[in-house]
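Letter by letter, the chains look like this.
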Amino acid sequence: MVPRCSMLSRLRFLPSPMIANSSQPPNDSLPNVLPSGMDTAGERFVANAAAMKALLAAYGAEQATIRQGGGAKAMEAQHKKQRLTVRERLDLLLDPGTEFHELSIYAAHGMYADYGGAPAAGTVAGVGRVAGRLVMVIANDATVKAGAFFPMTAKKVLRAQNIAMENHIPTLYLVDSSGVFLPLQEDVFPDQDDFGRVFRNNAVMSARGIPQMTAIMGMCVAGGAYLPVMTDHVLMTEGSGLFLAGPALVQAAIGQKVSAEELGGATMHAEISGTVDFKEPNDPLCIARLRSLVSRLGHHPGAPFDRAAYDDATDAPKYSSEDLLGIVNPDPSAAMQSYDMHAIIARIVDGSRFDEYKPDYGQTLLCGYARIGGFAVGIVANQKLHRTQISHTGEKHMEFGGVIYPDSADKAARFIMDCNQNLIPLIFLHDVNGFMVGRDAEWNGIIRSGAKMVSAVSNSVVPKISVIVGGSFGAGNYAMCGKAYDPRFIFAWPTAKYAVMSGASAANTLVEVRIKQMERNGHALSDAERKKLFDSTKAAYDQQTDPRYAAARLWVDAIIDPRKTRDVLRMALEVAALNPEVPRFNPGILQT
């Protein structure tokens, strides 16, 4: 990968005026088209690409297994009940030929082993198109413990609902669930962000005018029975059940013997209780009805973000998305690897056009304006090349790529505020080792500058979307809009690493603490024992920095193929544009 020379950067990356008339295509004569930024035939690129393809193949095989849910026998049992599996239902629901952007497929990954696991937390969630409309789909997988709610199931549903609320996206629920997974009820039932919050969100979404529809195609029992009835439309198939307590519990509680159909079948609710709006014979006809209802939804005003006329043939990036496979080294030990972040930006923005903001100042953070799918965006990205910088006293010093310095934090804070002032959504591309430490950094006000950037991110009112490309460590994660800072979506490449610090740094710190404890107790470690302790500590820590560990706990919404980055960002921007409400921007008190 060839770094840009400083003179070339001044000639080719000067900020250009924003395009005022969004009906006109951008002017290709402006000096804002990024160069390739890499040698795609180089040994390093080829090795990275090969390793990335192998990693993606492993992820693909793993996700294929997750999509099997409870396995072949459980699918066969579902079919014997004359019901489709959750993914068969999705195939009928979604528009043919369109992509379903599945979220949180790794939810609960590696968890609940004592109970046989819970693939994808027993539910499927994601954004797709139904009758041409973007919708959020939340669907129980009855092949996984009869669709019961594990703790992570509730959190996955809540995350999908929160995305729907933030973006005003219509939400469809496909219900086939036995309710709370009783052995873990204490972790599902009582807390603020547990099962009950789902129904609270139903009510809040309705009050905000966000369409919700539910198709009951199986069991819907106990507290879960409130979900469909709190949405706009309730559909139910024959043979399904909707009741607060099943026949066995009713008999135990009040001594009444009643069949499931009489207690809460589709016919009873359609003819007697009046709870369901549409009774359908089977899954396919129920889904057809649901699609018909979605097709009649009205269209609310869109968001005030600028979107230029866009054409896939002429406005695509000038370089292949395949190149994204060879930029980042997938080796977990390559935390300090160097590459030019411009090369990634050039492959995800329209026409590879990027109006860079203050390109010669605070160079470890890249800030600039671009378009993705026609949407105007502001990009904040960690630059991984080392740079020589000149201080205010005229002294030269090296700034390390991936580290946030006072000048880069100041630049980013100012840029983020500008995007909020001018209603420009923000994209954050993470590969950050953290903020600079040491005497010089402290004397230059790194804490003050970092606080300024964190404050700007915290109070930002335009949509924020994060992509973790490499490391996202410590307070750098916060400043770059980590999960705690309300990104509308947060995605990760398979190369992402998510922790307070890198595995090697953490292992060194933890091992030194452990060694001192042991030495105080009179036990001196040999070099071999020290190495063994270091290796075991680092291995445990590295496991926790794996993106699948983060995805299992919903710290990221999806682990994506790098080649899909542009498509995923375009989808996220389209979803964000459904919400026309942008609060007044108030940056609060900033340290200056």
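The paragraphs below set out a description of the structure included in this document.

Concerning the environment of Arg 548
- Positionally, Arg 548 belongs in helix 20 (residues 547-552).
- In this structure, Arg 548 is in contact with Tyr 59, Glu 62, Tyr 106, His 109 and Ile 559, ignoring residues within four places of it in sequence.
- A polar contact is formed between the side chain of Arg 548 and the side chain of Tyr 59, at a distance of 3.5 Å.

A few points about helix 11 (residues 283-295)
- The terminal C-alpha atoms of helix 11, which comprises 13 residues, lie 18 Å apart, in line with the 18 Å expected from a rise of 1.5 Å per residue.
- Considered for burial, the residues of helix 11 that qualify are Asp 283, Cys 286, Ile 287, Leu 290, Leu 293 and Val 294. Summarising the axial view, the buried residues of helix 11 lie within an arc of 115 degrees, below the 170-degree limit, and thus occupy one face.

Digging into the pairing of strand 6 (residues 233-237)
- Counting buried positions along strand 6 yields four of five residues, so the element is predominantly enclosed.
- Where strand 5 (residues 212-221) meets strand 6, four bridges bridge the pair, whose relative direction is parallel. From the neighbouring strand, Met 213 faces strand 6, where its bridge partner is His 233.
- Note: strand 6 against strand 8 (residues 278-280), three bridges, orientation parallel. The residue of strand 8 that forms the bridge with Thr 237 is Glu 280.

Focus on the environment of Pro 580
- One can find Pro 580 in the segment after helix 21 (565-576).
- Pro 580 sits 135 residues away from Gly 445 along the chain, and the two C-alpha atoms are 38 Å apart.

Here is what the cut-offs are and how they apply
Residues numbered from 1 in each chain as written. Predicted model: local features only at pLDDT ≥ 70, side-chain atom pairs only at ≥ 80, totals over all residues. Heavy atoms only, no water. Helix = DSSP H or I, 4+ residues; strand = E, 2+ residues; numbered from the N terminus. Contact = heavy atoms within 4.5 Å. Polar contact = N/O pair within 3.5 Å; in protein donor to acceptor, adjacent residues only side chain to side chain. Expected span 1.5 Å × (residues − 1). Buried < 20%, exposed > 50% of the residue type's maximum accessible area, 1.4 Å probe, protein only. Arc of directions from axis to C-beta. Pairing = 2+ DSSP bridges.

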